[in-house]
Amino acid sequence: MIARTRLLAISRAMSTSTRSSTCPLSQFSACEISDALIKLGSPNGGHIPDVHMLSPISPVKICAPAYTVQMVLTSDKSAPKLSSHFVDTATPGSVVVVDAPPQAKNAVWGGLMTAGAQARGAVGVIISGRCRDLAEHRAANFPVFARGHSTVGQSPFVRPSGVNVTLTIHPEDAGDGPDAFAPVTVTPGDWIVADEDGVVCVPVDMVDKVVELAKKGQEIDAKCMADIKAGKGIQASFKEHRGK
């Protein structure tokens with residue numbers, strides 16, 4: 001069961017406008033946010049690896065709470081079935097986060113889904129999997145981040161099994177053992193920040209701490225950049241401002 005404080009934080013996140021001017025993390029890049037999460041003890045910096053911006057053509061940034069979707073293989077008869085299309089129940093102001101089976105080579109998102117998501121006020125989609133209809137997403141100027149694209153759709157390969165459920169997104173070819181890159185857990189309402197560098201998930205109850213550390217990191221990096229441009233060595237700049 002999610003703690004009461006986390007439920008309240010999720011409720012606030014889902015009701016907050018996700019325009020870049022009001023998103024609490026929007027002043028930072030995905031890289032700066034990952035750095036802050038690493039300092040807070042995250043094993044992966046919140047980074048969802050292998051997911052890249054495919055639409056639009058020009059750089060875009062998403063900062064919004066997650067509306068999650070779990071896909072399963074069609075052969076999985078034990079997984080629940082949805083009574084509504086998952087796009088039809090998307091939360092206004094949210095970013096749709098889809099986790100597809102890693103072995104699936106088909107798309108789980110297409111142009112019609114982008115049209116439906118826009119009609120419901122979703123601000124973008126993050127896909128641990130593939131999409132298709134790239135031209136339609138780009139024409140709609142809808143942000144789509146995915147691991148790749150395909151020419152074939154969902155049926156008969158996969159189907160949605162759950163919405164607003166906790167996702168565990170595993171990296172591709174992460175390997176095993178202590179050096180394996182840790183999977184990322186995405187809980188409904190967690191903040192997703194995505195830009196041209198990649199996608200980061202910030203647990204909703206860590207936002208304030210991340211903002212505080214990311215701000216400090218931003219200020220330190222600005223000092224390092226000024227010194228380095230002035231001719232000071234990188235090592236000396238790091239030692240002075242980063243303490244190492």
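For every chain, the first residue of the written sequence is number 1, and numbering continues from 1 onward in sequence order. Reporting of local features is limited, given that this is a predicted model, to residues whose pLDDT is at least 70; pairs of side-chain atoms are given and counted only at 80 or more, and all residues count toward the totals for whole chains, interfaces and linings. Side-chain figures throughout are based on the complete set of non-hydrogen atoms in the structure, without hydrogens or water.

1. Section: the state of the cysteines
Phase 1: To count as a disulfide, a pair of cysteine sulfur atoms needs to be within 2.5 Å. On inspection of all chains with the given rule, the structure shows one disulfide.
Phase 2: There is a disulfide in this structure between Cys-23 and Cys-63, and the S-S distance comes to 1.4 Å. Since a negative S-S torsion denotes a left-handed disulfide, the Cys-23-Cys-63 link at about -45° is left-handed. Of the two residues, Cys-23 is situated in the loop between α1 (4-15) and α2 (30-39) and Cys-63 in strand β2 (residues 62-73); the sequence distance between them amounts to 40 residues. Numbering goes from the N terminus for both helices and strands, where a helix is a DSSP run of H or I of at least four residues and a strand is a run of E of at least two.

2. Brief notes about the side chain of Ser-34
Phase 1: Positionally, Ser-34 belongs in helix α2.
Phase 2: Only protein chains enter the accessibility calculation, which uses a 1.4 Å probe. A residue is then buried if its area is under 20% of the maximum for its type, exposed if over 50%, and partly exposed in between. Residue class for Ser-34 comes out buried when judged on its relative accessible area of 14%.
Phase 3: Working rule for contacts: check all heavy atoms of both residues, and any pair within 4.5 Å makes them a contact. For Ser-34, the contacting residues outside a window of four places in its chain are Gly-45, His-47 and Val-200.

3. Overview of the environment of Asp-88
Phase 1: With respect to the element layout, Asp-88 can be found in the loop between β2 and β3 (95-99).
Phase 2: Remark: the alpha-carbon pair of Asp-88 and Ala-117, spanning 29 residues in sequence, is separated by 7.6 Å.
Phase 3: A distance of 3.3 Å separates the side chain of Asp-88 from the side chain of Arg-120, its partner in a polar contact. Any pair of N or O atoms that falls within 3.5 Å is considered a polar contact. Within protein, one atom must be able to donate a hydrogen and the other to accept it, and sequence-neighbouring residues count only if both atoms are side-chain atoms.

4. Let's talk about the layout of surface pockets
Phase 1: A 1.4 Å probe that fits into a set of points on a 1 Å grid over the protein atoms alone but cannot get out defines a cavity; an open set with protein on both sides within 12 Å along at least five of seven lines defines a pocket, and lining residues are those with an atom within 4 Å of a point. Grid points are joined across faces, edges and corners, and a volume is the space filled by probe spheres set on the points. Here the largest pocket defines a volume of roughly 320 Å³.
Phase 2: Lining of the largest pocket is provided by 17 residues; of these, Ala-100, Pro-101, Pro-102, Arg-147 and Glu-172 occupy positions nearest its centre.
Phase 3: When residues of the lining of the largest pocket are traced back to their parent elements, those giving at least two are β4 (124-131), β5 (144-149) and β7 (167-169).
Phase 4: Counting residues per element, the lining of the largest pocket draws most heavily on β4, which supplies three residues.
Phase 5: Its residues placed into classes, the lining of the largest pocket shows six nonpolar, five polar and six charged. Classification convention: Asp, Glu, Lys, Arg as charged; Ala, Val, Leu, Ile, Met, Phe, Trp, Tyr, Cys, Pro as nonpolar; all other residues, Gly among them, as polar.

5. Considering the pattern of salt bridges
Phase 1: Within this document, salt bridges are pairs made up of a side-chain nitrogen of Lys or Arg and a carboxyl oxygen of Asp or Glu, the two lying within 4 Å of each other. Counted according to the given criterion, the structure contains four salt bridges.
Phase 2: In this structure, Lys-216 and Glu-212 form a salt bridge, with 3.7 Å as the shortest nitrogen-oxygen distance. Separated by four residues within a single helix, Lys-216 and Glu-212 lie in helix α5 (residues 207-229), roughly one turn from each other.
Phase 3: For Lys-216, a relative accessible area of 45% corresponds to the partly exposed category.
Phase 4: A residue is classified by how much of its surface remains accessible, and Glu-212, at 47% relative accessible area, is partly exposed.
Phase 5: Residue Arg-242 is joined to Asp-221 by a salt bridge in which the shortest nitrogen-to-oxygen separation is 2.8 Å. Of the two residues, Arg-242 is situated in the segment after α6 (234-241) and Asp-221 in helix α5; the sequence distance between them amounts to 21 residues.

In short, the description is geometric, and any link to function would need to be established separately.
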